[in-house]
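Next come the chains, spelled out residue by residue.
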Amino acid sequence: MRLRNLLLRTLIGAICLLVFNEFIIYYLVLLECQWPGNVGSVNGQEPVRVMLLADTHLLGPIHGHWFDKLRREWQMHRAFQSAMTLFRPEAVFILGDVFDEGNWVNQKEFDVYVDRFRKLFHTPQGTALYSIVGNHDIGFHYATHPYLVHRFEKTFNNTGVSLVSIRGVNFVLINSIAMEGDGCQLCETAEKELRQISAVFKCGRGIGQCKGVAQLEDYSRPIVMQHFPTYRDSDKACKERDAPVIESYRERWEVISKESTDLIGELLAPRLAFSGHSHHYCFVEKNRLGVEEYTLPSFSWRNKNDPSFILAKISQTEHAVSRCMMPVESTVIKLYLVGGILLVLGSIFRLVKYLCHLSTLLSTRKKYSKLAK
């Protein structure tokens, strides 16, 4: 009976350790984050509550090991769903590189990819999800193909430049791969869409001709959302960062070009920018466009030991941003090691105690047996 109790206690301890590390820890860590304050309503409109993350890099069938895939996707799923439960944002923006091998897989594999993505990043009713295209989704500019572009566009309804307006807050979603400026069809289409959206904003400001131009209910300067950061020569411009300084960025590779950055500034006159791609966090107080830019780190443990995401409250005139830390992978591993060692030592201690008791009991019985004879 005691041996069975010993095994049962060890099993219960192992289950508690598993439940804590795979469920409870996400809520404990995320409870330290809160929606930012100090953003009031404008014209009776409450600020929009937005969650932003980047570079989920769901592993594919080519380079993705099954255990690596299971571990990373479970981590992202738990972090995302815990955030949905705790914060209930109105909109979620994933800033590119949704998939790790999106530019390599065939249609059947892509369909499996998309199904996994929708299960992992399911949002509750009332929360809209927008996925921006990245280089791992359709390839870098030199390697992309119209088929890959069309496939992503058909699934996520976004591969060029699009406008999302929520209660007068305007988000412009830009395909960084199309910001090459070399006259290719993808780039020409994106620039055309960019100019069309620019015309909408000009009309909203009472500039130019509004005939045949879509009308905004309320005009406010837009917020740029894209995978690549706007042009900067290094991370020395970062007022806040979570990685060593990257001394040199290559245009059209780690950041979009000066020309494309200037074109976005000229046509949109944005007031705020969000990006990803680098896998590390960087806050630039004044980027090349003269506005704040937040470069988000990867959401996956595969790329970042201490991933994070952003919660933002944005009105038509103001914004406030909170960076939310997720469980640190090395901490979870240490918890498993320490917890596992304690479980083993505790089990060994109880087993030795049980064996000593059993030995004493057998000795006593033997002694009484001799006396009885």
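The residue numbers shown here count from 1 along each chain, following its written sequence. Where totals are concerned, whole chains, interfaces and linings use all residues; where local detail is concerned, this predicted model gives features only for residues with pLDDT of at least 70, and gives and counts side-chain atom pairs only at 80 or more. Think of the side-chain values as coming from all heavy atoms in the structure, minus any hydrogens and water.

Asker: I'd like to hear about the packing of helix 6 (residues 185-204) against helix 7 (residues 258-268), residue by residue, with values.
Answerer: What counts as an axis is a line fitted to C-alpha atoms, over the stretch in contact for a helix, and the angles between N-to-C directions run from 0 to 180 degrees. Helix and strand assignments follow DSSP, with helices taken as H or I runs no shorter than four residues and strands as E runs no shorter than two, numbered in order from the N terminus. The N-to-C vectors of helix 6 and helix 7 enclose an angle of 30°; their axes lie 8 Å apart at closest approach. Between helix 6 and helix 7, the crossing angle belongs to the class labelled roughly parallel. Two secondary-structure elements touch here, helix 6 through Glu-191, Leu-194, Arg-195, Ile-197, Ser-198 and Phe-201 and helix 7 through Leu-263, Ile-264, Leu-267 and Leu-268. Here the contact of helix 6 with helix 7 is composed, by residue class, of seven nonpolar, one polar and two charged. When describing relative orientation, an angle under 35 degrees is termed roughly parallel and one over 145 degrees roughly antiparallel, while 65 to 115 degrees is termed roughly perpendicular and anything else oblique. Every residue pair with non-hydrogen atoms within 4.5 Å of one another is taken to be in contact. Residues are grouped as follows: Ala, Val, Leu, Ile, Met, Phe, Trp, Tyr, Cys and Pro are nonpolar; Asp, Glu, Lys and Arg are charged; all remaining types, including Gly, are polar.

Asker: Tell me about the sheet that holds strand 11 (residues 308-314), and please be specific about residues and values.
Answerer: Any two strands with at least two DSSP bridges between them are considered paired. A sheet is described by the order of its strands in space; here five strands give the open sequence 3-2-1-11-12, paired in mixed fashion. Bordering the open sheet on either side are strand 3 (128-131) and strand 12 (319-325), each of which pairs with just one other strand. Here the strands of the sheet are splayed against their neighbours by 20° on average, with no regard to which way each runs. Bridge count between strand 1 (residues 48-53) and strand 11: five bridges; the pairing is antiparallel. Across the sheet, residue Met-51 finds its bridge partner in strand 11, namely Leu-311. Each of strand 1, strand 2 (91-94) and strand 11 is contacted by helix 2 (residues 66-87), which is oriented at about 170° to strand 1, the strand it contacts most.

Asker: If you had to explain the sheet that holds strand 9 (residues 282-284) to someone new, which residues and values would you point to?
Answerer: The strand order across the open sheet built from seven strands is 4-5-6-8-10-9-7, with neighbouring strands paired in mixed fashion. Each of the sheet's edge strands pairs with one partner strand only, and the pair in question is strand 4 (161-166) and strand 7 (240-241). Strand direction decides the pairing type here: strand 6 (residues 223-226) and strand 8 (residues 272-279), joined by three bridges, are parallel. Considered in strand 8, the bridge of Met-225 is made with Phe-274.

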